Structures are given as C-alpha cells and as structure tokens.
Amino acid sequence: MFSVVFLLALLAFSVTGLPVEVRNSAITLPMTRRLAFSNVTDLLRHDEARLTAFVEHSTHGRRGADTQNPNPAVPLSQVDLGHTMLGYTVRVATGDPLTNYDLVVDSATAITWVGATLPYFSFSGVNTNVPVAVNYHFGTFQGTIWEDEMIFSQRISISKMQIGVASEIQNIAADGVLGIGPTLSGLGSLPNSPDQTIPTVIDRLVEEGTIKRPVVGIFFKPTVANEDNDGELCFGGTNPSKYIGKPRYTDIPTTRPSSFYWGINQWIRYANIQILANTPGVVDSGCTFLYLAIDAYERYRAVTGGTLNPANDLLQISLQQYNQLNDLEFHTGTINLKLVPNAQIWPRSLNYKINGGENDIFLVVKSLTTPTGAELNFINGYVFLQRVYTVFDSGRRRVGFAPTIFTQASTN
C-alpha cells in the first residue's frame, strides 16, 4: 500500500486540513458544506423523503418491540440522498491503491459506504460477500461489505473498517455516506440478516483505541454561501473552542422512531405561547428545515403572521413582521435554547435558490403531516443545528447541546 499513490492521497489530505487533537483523545475533522440542489422543489422533496422514512420506521415492524430487538420491516437507513442537498462532506481515503472520497455526513444512518461516483478497488481489502442495501426513496444503494483500511488523515485511520462498496446505484449525488447515526439505525440494511448491525465508524475508532468514548461533536456555521470549509466533526469528545460554556444533555427517548436515531423529548414556546407540547422527535443533520406537528405549525404560523408562498411552499413575512418576531424557545430536559428572529428565516443571500426575490423574507419552519401525539412530532434539522453545538453520545444514549458564537448572530 505504501506507494506513490498512497503518498499522493496523503498530500491531498493536507490540502483539506489536518485533524486537531483535543482533550480526552478526541479528534476533529473539517467538513465542507455543499449546496447540491438546483431549486426549492428538489430541496423539499429531499426533506419529505426523509420524513417519510422516519414515519415508516415507526409504523412498520413488530409492535411493542424495544430498542434491543426491534426487528423492523424496513431498513432504518431509509433516508434520501437523491437530488440532494444542503449538507456537509468529509474526505476519507480507502482502497488499494488509495482513492479519496467525499462522503456525506449523515446522522440518520450507521452505514458507511463508497463507490457512487468513484469506483472502489482494493488489492488489500477483504470482500466479506455480505450483501448490504439502503433505500433512500429517491435513490438506492446496493453492494457488499468489505473490510479495508479507512484513512481520515496522515495520523487518523481505522485498520479494519466494514465498508459498503456499491455495485448498483440509482440517483445518488455523492461519493458515498459517512454514517454517524447510532448503531441501531443500521438495522435492516443487511438483507440476509436484517436483525444484525455492523460496527459504525465511531464503534471502530473506540475498538481500535483511537478514541476513548463513542461520542461525536458537530459544529456547523450558518449557511450564507454555496460552499465553505466551515464545519467540524469531533470524534471521541467535544471541541470546547467551538462552543460557549458546557454542553448539557438529555436522554434519548424509548419510543419509536426517536429511540433508533438521535431523538429527544422537547417542547417549544413563542412569546409565552406554547407552540408544541413536550413530545418526542428527532435531531437530524440531513433535513434542511425545522419541522413541527401540524397543529404546532399552525400555531406558529398564526403568531408570526406568515402566509404560504406557493412558489416555494414556505411561510413568507414582511419586513415589518420580521421586526416584530420573537425568539422561538426550545426546552428539552434541563436545556433551554433559542432561535432568535434571524435564525428563523432563510438566508436572503440564497433566496435565488428558492424562487424568492432578493429582499423577500421566508421562515424556515415547516409542517409535518401528522398532529401532536403521533410517533414523530418534530425534526430539528440543519437550520436548528447550525445555531448550536451538538453532541451525540451513543455510549450513554443521550444528546447534548451548547450555544455557539452563531446562536444569536444575524447572518441571514
């Protein structure tokens, strides 16, 4: 493996940025944001497919199954990548000779795979002949599991990572996926053994002693341009330089589908008006918008005065209404967070992407198809996550949040 190709691959990593070691053996990696959607229809279809997947996972499979033996009837990895997206990628290298892949960071799946746009080949990897398949609604991935080295930088690698290698692809607009979801979110992805999972990237980093804790810290910066190297993944802990104070945590609920993903219980208030009762939902880096149960969405629409714009299916408000917006308050466990008025609107520099005029103001809150009390009551998507530092702790089955310098920023 130590060939000219290997050296060239490592040089490529030096361009994208080296990892930084922080306390508790944690390692940080840069993420690159990309806006790979041509219009708002693609963006909304992408989100709707993910919503459908979450709901299907809560209504299929054996009723009353717990998180230790859920036996779902459909893969828990069913989240959309087709026609996508507003998201982040991380560069990894694998294969022999080494090939660089820019993988979509997806918090709703445990499966890591390559080969969608760049083929995978390896003299040193081992084909386990175990089939793997993921249905992303707009696209599909099928292949086999290989064991091979996965390299994140000159200093960070996994010697024996179980990687999905694509043999059949439909409508996948990425090199592959880096799954940072809980291990359980991979259930159903092995057709011959649907009740089994494979180790995630975080699992393997812990098993090989590279990190001590199965924790992922995520930092996003509010989107104002098409592409930036402004995100960060932290494996094994958190990076205190990216947040203010200390993260506070809340347990993952025991109800489906929240129990299979990075779920939380949450209630929401606006100007002393309860918008959403304390109910379970999901934190998801792959959904763009903030989604609320139908009745909660209608209450939010009423208090903000937003009217639905048929050109993009988003609530639109006037400048006067924007100046009167209040904070949207989120309460989960002992954690209290706020989306300030500026965080509740779509970035105006990107209005051209959603059929909006230069000075139009659109809200980023959208509606689910079910009322409060259903299995899924909200999804805190990217518009929420870009305003906080988020911690996914699979070892203790909890999710943490901390404010950042962008929590109250007026970037939009």
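Residues numbered from 1 in each chain as written. Predicted model: local features only at pLDDT ≥ 70, side-chain atom pairs only at ≥ 80, totals over all residues. Heavy atoms only, no water.

Draft legend 1. Expanded view of the sheet that holds strand β13 (residues 263-270). Strand order in the open sheet formed by 7 strands is β19-β18-β13-β14-β22-β15-β21, with mixed pairing between adjacent strands. Because the sheet does not close on itself, it has two edges, and the strands there are β19 (335-339) and β21 (365-367). On average, each strand axis in the sheet is tilted by 35 degrees relative to the strand beside it, whichever way the strands run. With respect to the sheet, helix α4 (residues 294-304) is in contact with β13, β14 (273-283), β15 (290-292), β18 (328-332) and β21, its orientation differing from that of β14 by roughly 135 degrees. (Pairing = 2+ DSSP bridges. Helix = DSSP H or I, 4+ residues; strand = E, 2+ residues; numbered from the N terminus. Axes fitted to C-alpha atoms, helices over the stretch in contact; angles between N-to-C directions. Contact = heavy atoms within 4.5 Å.)

Draft legend 2. Examining the nonpolar core more closely. Counting 91 residues, the largest nonpolar core has F152, L178, L233, F235, L292, L328 and F401 as the members making the most contacts within it. No other element matches the 5 residues that helix α2 (residues 40-59) contributes to this core. Counting residues in each nonpolar core, the second largest holds 11 residues, with F141, A166, V177 and L190 among its members. (Core = buried A, V, L, I, M, F, W, Y, C linked by side-chain atoms within 4.5 Å. Buried < 20%, exposed > 50% of the residue type's maximum accessible area, 1.4 Å probe, protein only.)

Draft legend 3. Representation of the pattern of salt bridges in the model. In total, this model carries 9 salt bridges according to the counting rule given. Note that R301 and E298 form a salt bridge whose closest N and O atoms lie 2.8 Å from each other. One end of the pair is R301 and the other is E298, both in helix α4 and 3 residues apart, which spans about a single turn. The partly exposed category is assigned to R301, whose relative accessible area is 31%. The salt bridge involving K366 is made with D313; its shortest N-O contact spans 3.2 Å. With K366 in strand β21 and D313 in the loop between β16 (307-309) and β17 (314-317), this pair connects stretches of sequence that are 53 residues apart. Given the relative accessible area of 33%, D313 is considered partly exposed. The network of salt bridges with common partners includes R204, E207 and E208. (Salt bridge = Lys/Arg side-chain N within 4 Å of Asp/Glu carboxyl O.)

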